[in-house]
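Structural overview
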Number of protein chains: 2
Amino acid sequence: MTLQDAKIGFKDCSDCPIRHRAVCARCETNELELLEKIKYYRSYEAGQTVVWSGDQMDFVASVVTGIAALTQTMEDGRTQMVGLLLPSDFVGRPGRNVAPYDVTATTNLMMCCFRKKPFEEMMQATPHIAQRLLEMTLDELDAAREWMLLLGRKTAREKIASLLMIIARREASLNVSADSDVRVFDLPLTREAMANYLGLTLETVSRQISALRKDGVIMLEGKRHVTVPDFQRLQDETGDDSDGGMLF
Amino acid sequence: MTLQDAKIGFKDCSDCPIRHRAVCARCETNELELLEKIKYYRSYEAGQTVVWSGDQMDFVASVVTGIAALTQTMEDGRTQMVGLLLPSDFVGRPGRNVAPYDVTATTNLMMCCFRKKPFEEMMQATPHIAQRLLEMTLDELDAAREWMLLLGRKTAREKIASLLMIIARREASLNVSADSDVRVFDLPLTREAMANYLGLTLETVSRQISALRKDGVIMLEGKRHVTVPDFQRLQDETGDDSDGGMLF
DNA sequence: CGACGGCTTGAACTTTCTCAACTCACGTGG
DNA sequence: CCACGTGAGTTGAGAAAGTTCAAGCCGTCG
């Protein structure tokens, strides 16, 4: 595992691109200073493993840039993705030493790591961190439950459409900049990774993407670059009801 | 929705059967006194709906006795269970007003409800509650991820075996009493509820249970009463590796 | 140039679903 | 007390969806 210190491209926490969404979102300036002391950056190349299931994990971390996947693998090799971590998402569980899942870098990845012991101590001292972590964990639980509906009850076509929606939406929420067109994006996952996300084989993924293309729901340039001419049309293909589960 | 006050069978929080596992587990005596003021019991009969998805939810609650299920339903009626709540499990999300899932009583059910507003205020004031809630939420997230592997990658037979293991284990952790034999238990779910848990049809559930019975993995008296002659044998049928995922 | 990884497509096969008939236990009302 | 309806569960046969195995394409990298 390569662990080179990264060129981070910003000076300190106050400049950090995930400052307002990560575990540290609620922290005051002085709390950030404490965090600065126990944090360090680490970067991984696409495909690298960050942690192996069963390994000791001496840190917790936030994804700063890039995408990571949590996966579980059965003895015979069947694997299921159980988490897709985007910038600001949190990895690791305070109070636990051993990683329960494989964590792999899906794209080039930079993480902001905190040594576990000091982080745990800080959590006791500063409720802002624990508060934010609870909020984030509840959000992840909701996402996991949405995902369970997808895995248990959706057809292959609905699964693909749903994944495209999820990626498009998350892409949109990251690029708040004006120039980004929500309807055009790159798939950050291989067909195999998509299959592992959706509980399908990669062949089925490929076939269903082709089918959506033939039916004009999406357009493809190359294998990864997707254009969605009509968002509502894609939404209809997901099987979800129209409001998209806005529940607040 | 019937909401009768229940015969609760114990005097106060300190006698409560879930005292040491629920959200209130970490609370001191004086904190419990505060909770007593905002709590009330509610009971439901098997089959009753506790909350409808989309409804206003003015309380959060702990399951005291019985079992409840969280389910999501698609427009065309396909439904997926996304949570199975046993005694001490928590329902509701502080900071959210609208229920994202249907909550139904699978068996007769008693819940210890807290009015949401005061509970939220108390969470701010007493870190013990938030701490415990974070811990419980992280546990639920782990369970959800285990469940995702089941939904995405296991065969029907493995799904059934896994569900039987889960029920047997949870049953065991509740009945710590000496006389209970782990290998004998009642299914608290109908075939249909099992199907919704596992992402199968009820016919497939029925067939696979019959198959496990024919193969001698389980024995049945009636439809619900299960005996597991050889636990290891059942474990082998789940597809999980032998240690059962003990990750601490 | 050749090899390789990522992807697509086809054909046969398997698993699970769908639809339908039937059993069984239970409770109700004639 | 029995006939009946009902809800839960079982079983079968055929259909559909997805998987498996196999072949081949395309772009990139050494």
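Analysis parameters
- Residues numbered from 1 in each chain as written.
- Chains lettered and ligands numbered in written order.
- Predicted model: local features only at pLDDT ≥ 70, side-chain atom pairs only at ≥ 80, totals over all residues.
- Helix = DSSP H or I, 4+ residues; strand = E, 2+ residues; numbered from the N terminus.
- Contact = placed C-beta atoms within 7 Å.
- Near = placed C-beta within 6 Å.
- Nonpolar A, V, L, I, M, F, W, Y, C, P; charged D, E, K, R; others polar.
- Buried ≥ 20, exposed ≤ 12 C-beta atoms within 10 Å, placed from the backbone.
- Domains from an automatic or database assignment.
- Pairing = 2+ DSSP bridges.
- Axes fitted to C-alpha atoms, helices over the stretch in contact; angles between N-to-C directions.
- Least-squares fit on C-alpha atoms with pLDDT ≥ 70 in both.
- Parallel < 35°, antiparallel > 145°, perpendicular 65-115°, else oblique.

Per an unreviewed UniProt entry, chain A goes by Transcriptional regulator FnrL and derives from Pseudohalocynthiibacter aestuariivivens.

1. Thoughts on the environment of G92 of chain B
Residue and element names in this part refer to chain B. Within the secondary structure, G92 sits in the loop between β6 (90–91) and β7 (102–105). Linking G92 and N196, residues 104 residues apart in sequence, is a C-alpha distance of 21 Å. Excluding residues within four positions of it along the chain, G92 makes contact with M57, F59, V60 and A61.

2. Some words on the protein's contact with DNA strand D
Around DNA strand D, a shell composed of 16 residues is seen, among which T204 of chain A together with T190, R191, S206 and S210 of chain B lie nearest. If you list the elements that add at least two residues to the surface near DNA strand D, you get α6 (202–214) of chain A together with α5 (191–198) and α6 (202–214) of chain B. A per-element tally of the surface near DNA strand D places α6 of chain B first, with 6 residues. Split by residue class, the surface near DNA strand D holds 4 nonpolar, 6 polar and 6 charged.

3. Some points on the interface of chain A and chain B
Across the contact, 34 residues belong to chain A and 34 residues belong to chain B. Put simply, the parts of the chain that give the side of chain A that touches chain B at least two residues each are β5 (79–85) and α3 (127–153) of chain A. A total of 18 residues in the side of chain A that touches chain B trace back to one element, the largest contributor, which is α3 of chain A.

4. Structural notes on unusual backbone geometry
Positive phi is not limited to glycine here, since S88 of chain A has a value of about 90°. Along the chain, the position of S88 of chain A falls in the loop between β5 and β6 (90–91).

5. Notes on helix α5 (residues 191–198) of chain A
Residue and element names in this part refer to chain A. For α5, the buried fraction is high: 6 of the 8 residues fall into the buried class. If you follow the buried residues of α5, they end up packed against β4 (68–73), β5, α4 (156–174) and α6. Downstream of α5 by one or two residues, G199 has phi in the positive range, about 70°.

6. Some thoughts on the domain arrangement of chain A
Residue and element names in this part refer to chain A. By domain assignment, chain A separates into domain 1 (13–147) and domain 2 (154–237). Contact residues are listed per partner, giving 11 residues for domain 1 and 8 residues for domain 2. Among the secondary structure elements, those contributing two or more residues to the side of domain 1 that touches domain 2 are β4 and β5. The element contributing the most residues to the side of domain 1 that touches domain 2 is β5, with 4 residues.

7. Considerations on the sheet that holds strand β9 (residues 184–186) of chain A
Whether parallel or antiparallel, the strands of a sheet pair through hydrogen bonds between backbone atoms. Residue and element names in this part refer to chain A. The sheet built from 3 strands is open, its strands ordered β9-β11-β10 with antiparallel pairing. Across the chains shown, the open sheet's two edge strands, defined by having one partner strand only, are β9 and β10 (219–221). Ignoring strand direction, the axes of neighbouring strands in this sheet form an average angle of 25°. As paired elements, β9 and strand β11 (residues 225–227) share 3 bridges and run antiparallel to each other. Following the sheet pairing, F185 is matched in β11 by V226.

8. Brief notes about the sheet that holds strand β2 (residues 49–51) of chain B
Taken in spatial order, the 4 strands make up an open sheet running β2-β7-β4-β5 (chain B), and their pairing is antiparallel. The sheet terminates laterally at β2 and β5 (79–85) of chain B, the two strands that pair on one side only. Strand-to-strand twist in this sheet, taken as the mean axis angle between neighbours without regard to direction, amounts to 35°. α3 of chain A rests against β4 (68–73) and β5 of chain B of the sheet, and its axis sits at about 130° to β5 of chain B.

9. Here's the deal with the pairing of β5 of chain A
Each regular strand shows side chains that alternate between the opposite faces of the sheet. Residues and elements named next belong to chain A. Counting buried residues in β5 gives 6 out of 7 residues, a clear majority hidden from the surface. Examined bridge by bridge, β4 and β5 share 6 bridges and lie antiparallel to one another. Within β5, the position partnered with L70 by the bridge is G83. In this structure, the hairpin formed by β4 and β5 is closed by a connection of 5 residues, where G77 is found at a positive phi of approximately 100°.

10. Some details on the protein's contact with DNA strand C
Around DNA strand C, the structure places 17 residues, and the nearest of them are T190, S206 and S210 of chain A together with T155 and T204 of chain B. For the surface near DNA strand C, the secondary structure elements donating two or more residues are α5 and α6 of chain A together with α6 of chain B. It is α6 of chain A that provides the largest number of residues to the surface near DNA strand C, a total of 6 residues. Broken down by class, the residue content of the surface near DNA strand C amounts to 4 nonpolar, 6 polar and 7 charged.

11. Side note on the relation of the copies chain A and chain B
Screw-axis analysis of chain A against chain B gives a translation of 0.0 Å along the axis, an RMSD of 0.1 Å, and a rotation angle of 180°. Considering both components of the superposition, the chain copies are consistent with a two-fold axis.

12. What to know about the pairing of β7 of chain B
Residue and element names in this part refer to chain B. Because side chains alternate across β7, one face comprises the buried residues D102 and T104, and the other comprises V103 and A105, equally buried. Note that β2 and β7 share 2 bridges and pair antiparallel. Bridge assignment links V51 to a residue of β7, and that residue is V103. Bridge analysis of β4 against β7 gives 4 bridges, and the strand direction is antiparallel. Looking across to β7, one finds that A69 is bridged to T104.

13. Points about the packing of α4 of chain A against α6 of chain A
All names here are of chain A. Contact geometry for α4 and α6: axes closest at 9 Å, N-to-C directions at 75°. Between α4 and α6, the angle falls in the class roughly perpendicular. For the pair α4 and α6, the contacting residues are A156, R157, I160 and A161 in the first and T204, V205, Q208, I209, A211 and L212 in the second. Tallied by class, residues from the contact of α4 with α6 come to 7 nonpolar, 2 polar and 1 charged.

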